[in-house]
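Okay, here's what each chain looks like letter by letter:
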Amino acid sequence: MRQKCRNRIWMTFFIVPVLISLVFAGTVMSGCGEKAPKEASGTGMYFDTVVDIRIFAENADELLQGCFDLCEEAEKTLSAHREDSELYQLNHRKGQPAENRGAEEASSDTQTFEVSEELASCIRRGLEYAEMSGGKFDITILPLRDLWDFESENAAVPEQDKIEKELARVDYRKVHVDGLKVTFDDPETQIDLGGIAKGYISDRLKNWLREQGCTSALINLGGNVSVLGTKPDGSSWNVGIQEPFADRGTVFETVEIDDGCVISSGTYERYFEQDGQLYHHILDPVTGYPAVTDLQQATVVGKDDVLCDAFSTICILEGQEEAERIAEANGLNVRIYFVGADHEGAWFSRSGQ
Amino acid sequence: MVFPERTIAGNCVFLGTNNKERKRDTAGSAVRLHSMTGKSIVFKKKADILLFLIPGMAALCFLILSGMRNGQTAVHPQLEILTGNKVFGVYDLAEDQTIRIGDTNVCEIRDGEVRMTEADCPDQICVHSVPITGEGGSIVCLPNHIVLRVTDADHAKREVDSIAE
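Residues numbered from 1 in each chain as written. Chains lettered and ligands numbered in written order. Predicted model: local features only at pLDDT ≥ 70, side-chain atom pairs only at ≥ 80, totals over all residues. Heavy atoms only, no water.

## Re the sheet that holds strand E4 (residues 175-178) of chain A
All names here are of chain A. Across the sheet, which stays open at both edges, the 3 strands sit in the order E3-E5-E4 with antiparallel pairing between neighbours. Each edge of the sheet is formed by a strand with only one pairing partner; in this case those strands are strand E3 (111-114) and E4. With strand direction ignored, the average angle separating the axes of adjacent strands in the sheet is 20°. Here 4 bridges tie E4 to strand E5 (residues 181-184), and the two strands are oriented antiparallel to one another. (Pairing = 2+ DSSP bridges. Helix = DSSP H or I, 4+ residues; strand = E, 2+ residues; numbered from the N terminus. Axes fitted to C-alpha atoms, helices over the stretch in contact; angles between N-to-C directions.)

This is the structure:
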């Protein structure tokens, strides 16, 4: 009798709770799959800048590695300064034009090369924004940019005759893209995709992540913020806008976005001072000097990373009024946060939005 | 499963307020625990201990597992220093210290905040960066290819998810 009772006690107080806890554990473990996806985050250095990525997905680690592999690949294609890149080879084509790439030379000055789809489409988009801005945003500005060399320790205003010499090499109308064929009318022309490459790459990373079934990710590519979907809990991403000329990391304004990008350009990003004057890195292809602008910063918010990247630079080059006019005239689907020379910020949304 | 009432009653826990009762209990193979109030809790049989132990362990299991699910029980922000694309070192944010990064930069952890205190780069952007904390963020010295970043950060507390520059 006593033994029986003891058995029952064991049944009641040992086996039952164990069963219950196992059931609990089971539900908790299976819940992992649906409710809270894994997070992976990483930082890497590509294109002379820092890439910071946060991914929420079941296979987040794998996707993160995939993104960095894509960055590496894109750098090998689009970097103007990496000597083994496809673009570098294209820019330094003189002397050994066709052999390497199986392209044919049409005349003594005109050179045609077949390039990768990625490079061709990036150049095509660059030319599109050059047209849109009437030539202010010029992807052939590389020789002039190299001359000014804002990254250098001893950056200084170059001599006038040197500026004029390099300026003569700048003209986007001497570059043509037809399918995968890139034609240069002038052997001196060099391409710099710095104004759109970052937008092009973040776009590409997001498209790839989307294809992999990922619905939540944040990419900060050298200060260009681009997000996929919403945060895992369904809320919007909060993106801060850097205050011009303040310590890095000082937030001036905040934007809430889902599936889109926030891209800033400004005179505060890279500059040097000489004789009491500020020389910033956004060069005007007409004068050969830093653009004269009424803006300290322009931040473009939209869905198309390449457009927003290019247009933020166009805003600085053109000034607020002209930038607003171009946005209207081209029906651009963007919002812009302008910070004027007086350090006052104001939002612009295209009418009808 | 239906439990006969007397079984449960027979294994009940007695608070030792009643001396007679306690005496009777100690006669068996009882285990006595002293509570903070000075009153003792008496378990009649080993099974009585299990009565508390098993559900307690089940609750603990549940807490640990649900913690794993949220990934938040283990939030322990660390400072990770990258040079190039390599990890230079990982440091505890809770421990005040000064870290030399090669010959070019020096950073400091003070009261949970990380600053770049010295850099030989021309722009000094890293030195003039807002300190980062356990809420996340990074400080970059681009000319020297150095990144200070907080890993396992408590992002939820941060005002923004990222900053456009």
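## Observations concerning the side chain of glutamate 243 of chain A
Residue and element names in this part refer to chain A. Topologically, glutamate 243 is positioned in the loop between strand E8 (237-242) and strand E9 (251-257). Look at glutamate 243: it is buried, it has no salt bridge, and the nearest opposite charge is arginine 248 at 11 Å. A polar contact of 2.8 Å, which involves the side chain of glutamate 243, links it to the side chain of histidine 343. Once residues lying within four places of it in the same chain are set aside, the contact partners of glutamate 243 are Thr250, Phe252 and His343. (Buried < 20%, exposed > 50% of the residue type's maximum accessible area, 1.4 Å probe, protein only. Lys, Arg positive; Asp, Glu negative; His and termini not counted. Salt bridge = Lys/Arg side-chain N within 4 Å of Asp/Glu carboxyl O. Polar contact = N/O pair within 3.5 Å; in protein donor to acceptor, adjacent residues only side chain to side chain. Contact = heavy atoms within 4.5 Å.)

## A few points about the side chain of arginine 248 of chain A
When you line up the elements, arginine 248 of chain A lands in the loop between E8 and E9. Despite its burial, arginine 248 of chain A pairs with no opposite charge, the nearest such side chain being glutamate 165 of chain B at 4.0 Å. In this structure the side chain of arginine 248 of chain A is engaged in a polar contact, spanning 3.3 Å, whose partner is the backbone oxygen of glutamate 269 of chain A.

## Let's talk about the environment of serine 236 of chain A
Note on placement: serine 236 of chain A falls in the loop between strand E7 (224-229) and E8. The sequence separation of serine 236 of chain A and glutamate 256 of chain A amounts to 20 residues, and the corresponding C-alpha distance is 5.8 Å. Residue contacts for serine 236 of chain A: discarding those within four places in its chain leaves Lys231, Glu256, Ile257 and Asp258 of chain A together with Asp161 of chain B. Within the structure, serine 236 of chain A has its side chain in polar contact with the side chain of aspartate 258 of chain A (distance 2.7 Å).

## Thoughts on the packing of aromatic side chains
All names here are of chain A. A complete count under the given rule lists 15 aromatic pairs over all chains for this structure. Look at phenylalanine 113 and phenylalanine 184: their rings are 6.3 Å apart centre to centre, the planes differ by 70°, and that puts the pair in the edge-to-face class. Of the two residues, phenylalanine 113 sits in strand E3 while phenylalanine 184 sits in strand E5, which places them 71 residues apart along the sequence. Given the relative accessible area of 1%, phenylalanine 113 is considered buried. With relative accessibility at 0%, the residue phenylalanine 184 sits in the buried group. Between tryptophan 148 and tyrosine 289 the ring centres are 5.6 Å apart and the planes differ by 75°, which places this aromatic pair in the edge-to-face class. Taken together, the positions of tryptophan 148 in helix H5 (residues 142-148) and tyrosine 289 in the loop between strand E12 (277-280) and strand E13 (295-302) put the pair 141 residues apart, joining distant regions of the chain. (Phe/Tyr/Trp six-rings, centres within 6.5 Å; stacked < 30°, edge-to-face > 60°.)

## Looking at the pattern of salt bridges
Under the defined criterion, the tally for this structure stands at 24 salt bridges over all chains. With its nearest N and O atoms 3.0 Å apart, the salt bridge here joins arginine 149 of chain B to glutamate 80 of chain B. Within this pair, whereas arginine 149 of chain B is found in strand E10 (residues 146-151), its partner glutamate 80 of chain B is found in strand E4 (residues 78-83), the two being separated by 69 residues in sequence. For arginine 149 of chain B, a relative accessible area of 8% gives the class buried. Classification of glutamate 80 of chain B as buried rests on a relative accessible area of 14%. Shared partners join several salt bridges into a network, and the residues in it are Glu72, Glu75, Arg82 and Asp84 of chain A.

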